[in-house]
Amino acid sequence: MSGPGSLADLVRRQRRQQGGALCLACAAAACVSLAAVALLGLSGWFLAVAAVAGAAGPAAVLGFNYVLPSAGIRLLAILRTAARYGERVAGHQAALRALAEIRPALFAGLAAGSPERMLALSSGEASARLVQDVDAIETVFVRRSAPWSAGAAMLVCGLLLALANPWAVAVFLIGFTAQLGLAAWLGARLSRAPGEAVLQAGGALKGIFQSWAAATAELHCFGLQDRAVALLMHRQQAFGAARAHAWSAEGVVLLSQAAVTGLTVAGVLAVSAATPLPLAALAALATAVAMEGGAGFARMFDRDGAMRAAALRLDEVLMPASSAPEAAPALTGAQLQLQAGAATVTLSQGQHLALVGRSGTGKTRLLETLVGLRAASPGQVRIDGMPLEAAPIGAARSLFALAPQDAAVISGTLRDNLRLGDPQACDAALWSALDDACLADRLRRLPQGLDTWVGEAGLRLSGGERRRLGLARAYLRPAAWLLLDEPTEGLDAATEAEIVTCLAARLARTGQGVIIVSHRPGPLALCAHRLELGLGDFPLAKPIQNTVQHFI
C-alpha cells in the first residue's frame, strides 16, 4: 500500500485529521479497561471478604465496613459505562468522517483510472469496492483504541496481582503474551485467506445481481427468470461458503483465546494458593477481565486478512489517480481534421459535418475517440494541427459535447440529469435547452416540472423522451463542437422535423460546430460537409472510459 495516492496514504491523512477523536477514543478505551479490571478485582475481593466475615460470626459482620468497597464498586461501574460510551462515540465518529473522505477519493480514482483496470470492473464490482471494501477499512479506525485498552488492562492487572503474589504477575504476562501471539499466528494461517475470499465472492455476487437486474425486462420476455435465479443462487452459495469458512476460522481463534484465558486464570490461582482467599479471588477475576481486554486487540489479527484484501483491491482503484497527469496541450478546437481511409476532411469551428456509413464502420467509435472514450489511432484525428494520439487521453474533451445513442439517465430528477451537462446552469438555461430538444412543452405539463423524478435509469420516461433529454444535456455543455449520434432515431417524422429546425436555429445562434451521425436524411441536411466511413476504416478498439464520465 505504498505510493503517494495509495490507500495507506489516505488512511494516514485521515488519522491526522481525525487525531483528536481518535486520541479521545484511545483514552476512553484505556479508562474502560482500567475500570473493568479494577471493578472485577475489587468485587472479587469484596465478596470473598464478606464471606469470610459472615463465616466468622455476627461480631465480625457488625464490624465489617462494606460502605467503602460498595461505593468503590459503584464508582468503577459508572466510570466503565461512561468511558465505554465515549470510546464508541469518538471512535465511530472518527471512522465515519474518515470514510466520508475516502469514498470520494475512490470514486475519483474510478472516474480517472487506468482503462485496463477500470473497465474490467463491472458496476457491481465497483460498488462492492466502494461499499464493502471501504467498510472493511473502517476497522483501522474503530480498532485504533484496542492496543491502548489492552495496555491499560495489562498494567492495572499487573498492579493488582502484585498484591497477591509476584509470581502471579509473571504467569499473567506469559498468558497475555501467548494470547496475542497465538491470535496473530492463527489469524495469518486461518483467517487471511477466508477474509479475502469473502470480499471476492461478495463482489462477484453484486456484479451478477446488477447485471441481471438491468435486464429484468428481457428476462421476463424470454422466460429466463429461472436461469437468472440459478446463477444468482450459485454465486450466493459461493458467498455463503466463503463466509462460513471465515466464521469457522474466527471460531477457532475465539476458542484458542478462551483456552488461553482459562489456563492463565488457573495458573494465577495455582501460584496464589497460599495467599488469603480475598486476594486470590481478586487475582483470578482481575486476570479474567484483563485477558478479555487483550482479546479485543487479538481480534484485530483475525480481521487482518479482510483488511489486507480490501486494501489491495482499493489500491487498484487509487493507483492510476496517484500517477502524475500529463500536461494537456492548450487546444481551442478552431480546426478539426478527420481521416477515414483515403478520405480526409478539415473543418473550421462552426462548420457542420455529416458522418455516414454502414452500421459497424466506426462512426460512433470516432465520436467516442474525440471525447477521449477510446484511444486514437495514428493519423485518425488532428485538432489544431496536433495528432490526437499524441495528447493525453481526454485532453480535447472540453471542446466537445456528446449526445450518445444511449445517453445514461441517472436515478434522480430532470434537473439532476440536465445539470450533468452544466452543473451551474440556471433553470432558464435548462428550459432553453429543453425547448431546443422539443421536450419543454411535455415537461411543463408535469406538476413538479424540473423536479420530476425520472425513476431508475429514467424508466418513467419513454425512449424518445430519454433520447431528447440526452440531446438537451449536450446542448447545455459549453463546448465548441456538438457530437450528435443518431439524434432523431426512434422519433416520428413530425418530431424529427421539429428537432432539426430547432437544431439549425441553435447552431446559428451559438456558432457551434456539429458532427452528426445518422442514417436519416433530415439531420444530415444541416451539414455542408460529408465524410463516409467504410468497413475497416476504424477497426474495433477497446473503449477506455464510460460515457457517463464525459458529463461529470
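Above this note sits the structure.
Report follows, based on the coordinates. (Residues numbered from 1 in each chain as written. Predicted model: local features only at pLDDT ≥ 70, side-chain atom pairs only at ≥ 80, totals over all residues. Heavy atoms only, no water.)

### What about the nonpolar core?
With 40 residues, the main nonpolar core has L418, L434, L469, L482, L484, L503 and I516 as its most contacted residues. Of the residues forming this core, the biggest block, six residues, is contributed by helix 17 (residues 463-476). Counting residues in hydrophobic clusters, the runner-up holds 28 residues, among them L367, V371, I383 and V517. (Core = buried A, V, L, I, M, F, W, Y, C linked by side-chain atoms within 4.5 Å. Buried < 20%, exposed > 50% of the residue type's maximum accessible area, 1.4 Å probe, protein only. Helix = DSSP H or I, 4+ residues; strand = E, 2+ residues; numbered from the N terminus.)

### Structural notes on the packing of helix 7 (residues 146-164) against helix 8 (residues 166-214)
Relative to each other, helix 7 and helix 8 sit at 160°, their axes nearing to 8 Å. Here helix 7 is positioned roughly antiparallel relative to helix 8, judged by the angle of their axes. Our pair here, helix 7 against helix 8, has a crossing hand that is right-handed. Of the residues in helix 8, those in contact with A150, M154, C157, G158, L161 and A162 of helix 7 are A168, V169, F172, L173 and F176. Across the contact of helix 7 with helix 8, the residue classes break down as 10 nonpolar, one polar and no charged. (Axes fitted to C-alpha atoms, helices over the stretch in contact; angles between N-to-C directions. Parallel < 35°, antiparallel > 145°, perpendicular 65-115°, else oblique. Left-handed = near helix turned anticlockwise from the far one by under 90°. Contact = heavy atoms within 4.5 Å. Nonpolar A, V, L, I, M, F, W, Y, C, P; charged D, E, K, R; others polar.)

### Some thoughts on the environment of A396
Counting through the fold element by element, A396 comes out in the loop between strand 5 (386-387) and strand 6 (400-403). When its relative accessible area of 1% is taken as the criterion, A396 is described as buried. As a C-alpha pair, A396 and I383 span 13 residues in sequence and 8.1 Å in three-dimensional space. In contact with A396, not counting residues within four places along its chain, are L331, L370, I383 and L388.

### Topic: the sheet that holds strand 5
Each strand in a sheet pairs with another by means of backbone hydrogen bonds, the pair being arranged parallel or else antiparallel. Pairing is antiparallel in the open sheet, where four strands are placed in the order 2-1-4-5. The open sheet has two edge strands with one neighbour each: strand 2 (343-348) and strand 5. Here two bridges tie strand 4 (residues 381-383) to strand 5, and the two strands are oriented antiparallel to one another. The residue of strand 5 that forms the bridge with I383 is M386. (Pairing = 2+ DSSP bridges.)

### Considerations on unusual backbone geometry
A positive phi angle, close to 55°, is found at D384, a residue other than glycine. Residue position: D384 is located in the loop between strand 4 and strand 5. At C438, a residue that is not glycine, the phi angle is positive and equals roughly 60°. With respect to the element layout, C438 can be found in the loop between helix 15 (427-436) and helix 16 (440-444).

### Side note on the sheet that holds strand 7 (residues 481-485)
Reading across the sheet, the five strands line up as 6-7-8-3-9 and stay open at both edges, with parallel pairing between neighbours. Whereas interior strands pair on both sides, the edge strands pair on one side only; in this sheet they are strand 6 and strand 9 (529-533). Strand-to-strand, the axes of this sheet are offset by a mean angle of 15°, without reference to chain direction. With five bridges joining them, strand 7 and strand 8 (residues 513-517) adopt parallel strand pairing. When the bridges of strand 8 are listed, D485 appears paired with V517. Contacting strand 3 (352-357), strand 7 and strand 8, helix 18 (residues 493-510) runs over the sheet at an angle of about 165° to strand 7.

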